[in-house]
Amino acid sequence: EARLPGALRPGKAARAVVADGREVDAAIEAVLAAPGESREVARRAYEVVRDRLITDAVAVMPVDRLRELIQKKVTFAPLMDAGIETVGAVLAAGEDGLRRIPGVRRRAARRIMAAAVQTRDSVGGVIRVRIDPDTRSPEQTALVAALRRYERSRSALKGPDLGPLAS
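Residues numbered from 1 in each chain as written. Predicted model: local features only at pLDDT ≥ 70, side-chain atom pairs only at ≥ 80, totals over all residues. Heavy atoms only, no water.

Chemist: Just to check I follow, could you spell out the confidence of the model for the chain for this structure?
Modeler: The predicted coordinates of low-pLDDT regions are not to be read in fine detail. Confidence in the prediction for the chain averages 84 pLDDT; 84% of positions are at 70 or higher. By mean pLDDT, the top-scoring element of the chain is helix α3 (residues 87–99) (95), and the lowest-scoring one is helix α6 (residues 163–166) (66). (pLDDT = per-residue confidence, 0-100. Helix = DSSP H or I, 4+ residues; strand = E, 2+ residues; numbered from the N terminus.)

Shown next, in the form of structure tokens:
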């Protein structure tokens, strides 16, 4: 087998160059993927804060508010006697929990749960996440940090296009 003069032979140096190239490629791919990943983290952090606000809102909403959503006659006295006085308590009890209360029939439990879920969903549709720096919760702090990471990852891509280099 004849070798051309000056031909690169596979060896330690060649493997090092290939390894360095793979590391650069991985770093470029990480930079290109960072905005999408950090956006997803920020979205999940937002949902945690929003869900907490919804839970807090329905936790103080009187169970009587469900009456207007239920077409049929349903009595709420057994629920209140059992200590279930808010929409949040209805959601926490669940349909099975409601059915265990004396005086609450299966159909009534189903209707009450459906109304509670509908109420929670409608609250979720109108609630706005606002962050007060003076009374910020740990979940809100995590959201602010996630949004900052997202903004930094986006600004890292404002330089030259890394696509051709990655190719």
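Chemist: I'm lost on the pattern of salt bridges in this one. Help?
Modeler: Where charged atoms of side chains with opposite charge meet at close range, the side chains can pair. What the rule picks out here adds up to 9 salt bridges. Taking the shortest distance from any N to any O, the salt bridge between Arg43 and Glu47 comes out at 2.4 Å. In this pair, Arg43 and Glu47 both sit in helix α1 (residues 12–59), 4 residues apart, roughly one turn of the helix. Arg67 serves as the salt-bridge partner of Asp64, at 3.2 Å between the closest nitrogen and oxygen. (Salt bridge = Lys/Arg side-chain N within 4 Å of Asp/Glu carboxyl O.)

Chemist: Even after reading the chapter, I still don't get the environment of Ile84, so can you show me in this structure?
Modeler: Summarising the element assignment, Ile84 is placed in the loop between α2 (77–81) and α3. Residues Ile84 and Leu98, 14 residues apart in the sequence, show an inter-C-alpha distance of 9.1 Å. Ignoring anything within four residues of it in the chain, the contact list for Ile84 reads Val63, Leu79, Ala89, Val90, Ala93, Leu98 and Ile101. (Contact = heavy atoms within 4.5 Å.)

Chemist: Even after reading the chapter, I still don't get helix α4 (residues 106–126), so can you show me in this structure?
Modeler: Think of an α-helix as turning once every 3.6 residues; residues three or four places apart then point the same way. Here α4 contains 21 residues, and its C-alpha end-to-end distance of 31 Å stays within 8% of the 30 Å for a straight helix at 1.5 Å per residue. Among the residues of α4, Ala108, Ala109, Ile112, Met113, Ala115, Ala116, Thr119 and Val123 are the ones counted as buried. Seen from one end, α4 has its buried residues packed into an arc of 165°, which puts them on one side. Turned more than 90 degrees from where α4 packs its buried face, Arg106 and Arg107 sit exposed. (Expected span 1.5 Å × (residues − 1). Buried < 20%, exposed > 50% of the residue type's maximum accessible area, 1.4 Å probe, protein only. Arc of directions from axis to C-beta.)

Chemist: What is the right way to read the side chain of Ser38 from this model?
Modeler: Inspection of the secondary structure assignment puts Ser38 in helix α1. In this structure, Ser38 is in contact with Ala146, Arg149, Tyr150 and Ser153, ignoring residues within four places of it in sequence.

Chemist: What exactly am I supposed to notice about the side chain of Thr119 here?
Modeler: Inspection of the secondary structure assignment puts Thr119 in helix α4. Discounting residues that sit within four places of it in the chain, Thr119 has contacts with Met61, Leu66, Leu69 and Val87.

Chemist: Explain the packing of α3 against α4 to me, please; I cannot follow it from the model alone.
Modeler: How two helices pack is summed up by the angle between their axes together with the distance between the axes. At a closest axis distance of 9 Å, the pairing of α3 and α4 adopts a crossing angle of 150°. Comparing the axis directions of α3 and α4 gives the class roughly antiparallel. Seen from above, α3 lies across α4 with left-handed handedness. Contacts from Val87, Val90, Leu91, Gly94, Glu95, Leu98 and Arg99 of α3 reach α4 at Arg106, Ala109, Arg110, Ile112, Met113, Ala116, Val117, Thr119 and Arg120. Grouping the constituent residues of the contact of α3 with α4 by class yields 9 nonpolar, 2 polar and 5 charged. (Axes fitted to C-alpha atoms, helices over the stretch in contact; angles between N-to-C directions. Parallel < 35°, antiparallel > 145°, perpendicular 65-115°, else oblique. Left-handed = near helix turned anticlockwise from the far one by under 90°. Nonpolar A, V, L, I, M, F, W, Y, C, P; charged D, E, K, R; others polar.)

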